[in-house]
Amino acid sequence: MDEIVNRIAGSALQVFDLEDYYIDGIRTELDIAPWLEQGFLLKEKDFRQYLNDHDWSQYTGHYVALFCSTDAIIPAWAFLLVTIHLSGFAAKVVNGSLEQLETSLYQDRLQSIDFGAYRDSPVIIKGCARKAVPTNAYLLAAQFLKPHARSIMYGEACSAVPLYKRK
């Protein structure tokens, strides 16, 4: 019988798995609508009182996505003020959804990677993930890899979609 050879394991193909760069920690959404009059009107004095009375220590070490679930028009300073209260407790605060928070975390992480290790290599950006990897993280990875990689594919080694090949 012929020996089964794993050609992928023996190739120069490098797998870039975004899950390897996932930042562990608790993700928390914080909606400011309950601190508004009927969920829509920001009364500065009342808003400040809600913030002063709130237990901010519950967000210690959390990654916080700050948002308003209503169509209220919120002045920029309100989100800044909430962020000031969260600082010293939360590990990171972004204005937006959990997906925007995740994108921001990946952006921070990917900017710290030395992509020179992928120089002149064929790279596959692994597509299947068990963790929540936002689409924007894949876009960032492709942008960071392109100046270095000889080629970029997406998916799994057995069924990759070619994306880029240096001329």
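Residues numbered from 1 in each chain as written. Predicted model: local features only at pLDDT ≥ 70, side-chain atom pairs only at ≥ 80, totals over all residues. Heavy atoms only, no water.

### Notes on the sheet that holds strand β4 (residues 92-95)
Right, so step 1: The sheet built from 3 strands is open, its strands ordered β2-β3-β4 with parallel pairing. The sheet is open, and its two borders are formed by β2 (27-31) and β4, each paired with just one other strand. Mean inter-strand twist for the sheet, computed between neighbouring axes without regard to direction, equals 25°.
Right, so step 2: Direction of pairing for β2 relative to strand β3 (residues 63-67): parallel, over a ladder of 5 bridges. Residue pairing in the sheet places E29 in a bridge with A65 of β3.
Right, so step 3: Packed on one face of the sheet, helix α2 (residues 76-86) meets β2, β3 and β4 and runs near 160° to β3.
Right, so step 4: Against the sheet, helix α3 (residues 98-111) contacts β2, β3 and β4, and its axis sits at roughly 125° relative to β4. (Pairing = 2+ DSSP bridges. Helix = DSSP H or I, 4+ residues; strand = E, 2+ residues; numbered from the N terminus. Axes fitted to C-alpha atoms, helices over the stretch in contact; angles between N-to-C directions. Contact = heavy atoms within 4.5 Å.)

### Re the pairing of strand β5 (residues 122-126)
A regular strand places its side chains on the two faces of the sheet in alternate fashion.
Right, so step 1: β5 sits mainly inside the fold: 5 of its 5 residues count as buried.
Right, so step 2: Residues P122, I124 and K126 point to one face of β5 and V123 and I125 to the other, with burial holding for every one of them.
Right, so step 3: Here strand β1 (residues 14-16) pairs with β5 via 3 bridges, running parallel. Across the sheet, residue V15 finds its bridge partner in β5, namely I124.
Right, so step 4: Taken together, the 5 bridges between β5 and strand β6 (residues 151-155) define a ladder with parallel strand orientation. Directly across from V123, in β6, lies its bridge partner I152.
Right, so step 5: Read from β5 through helix α4 (residues 135-145) to β6, the crossover connection turns out right-handed. (Buried < 20%, exposed > 50% of the residue type's maximum accessible area, 1.4 Å probe, protein only. Right-handed = clockwise from strand over helix to strand, strands pointing away.)

### Remarks on the sheet that holds β5
Right, so step 1: Spatial ordering of the open sheet is given by β1-β5-β6-β7, a layout of 4 strands whose pairing is mixed. The open sheet has two free edges, formed respectively by β1 and β7 (161-165), since each of these has just one partner strand. Direction aside, the axes of adjacent strands within the sheet are offset by 25° on average.
Right, so step 2: Direction of pairing for β6 relative to β7: antiparallel, over a ladder of 4 bridges. By the bridge assignment, M153 is partnered in β7 with P162.
Right, so step 3: Contacts between α4 and the sheet are confined to β1, β5 and β6, with β5 contributing the most and set at about 170° to the helix.

### Structural notes on the side chain of E102
Right, so step 1: With respect to the helices, strands and loops of the structure, E102 is situated in helix α3.
Right, so step 2: Of the residues examined, E102 reaches a relative accessible area of 7% and is grouped as buried.
Right, so step 3: Polar contacts involving the side chain of E102 include one to the side chain of R27, which spans 2.7 Å. (Polar contact = N/O pair within 3.5 Å; in protein donor to acceptor, adjacent residues only side chain to side chain.)

### A few points about the pattern of salt bridges
Right, so step 1: The tally for this structure, following the rule as stated, stands at 7 salt bridges.
Right, so step 2: For the salt bridge of E19 with R130, the shortest nitrogen-to-oxygen distance reads 3.6 Å. Of this pair, E19 sits in the loop between β1 and β2 while R130 is found in the loop between β5 and α4, placing the two residues 111 residues apart along the sequence.
Right, so step 3: Note that D120 is salt-bridged to R166, the shortest N-O span being 2.7 Å. Placement of the pair is D120 in the loop between α3 and β5 and R166 in the segment after β7, with a sequence separation of 46 residues.
Right, so step 4: Taking relative accessible area as the criterion, R166 reaches 32% and is therefore assigned partly exposed. (Salt bridge = Lys/Arg side-chain N within 4 Å of Asp/Glu carboxyl O.)

### Notes on the nonpolar core
Right, so step 1: Judged by nonpolar contacts, the single largest core of 21 residues is most densely connected at L30, I32, F47 and V82.
Right, so step 2: When residues of this core are traced back to their parent elements, those giving at least two are α1 (44-53), β3 and α2.
Right, so step 3: Of the residues forming this core, the biggest block, 5 residues, is contributed by α2.
Right, so step 4: Ignoring sequence-local partners within four residues, the contact set of V82 consists of L30, I32, W35, F47, L51, W56 and L66.
Right, so step 5: Core analysis: the second largest hydrophobic core is formed by 19 residues, F16, Y21, F115 and A149 among them. (Core = buried A, V, L, I, M, F, W, Y, C linked by side-chain atoms within 4.5 Å.)

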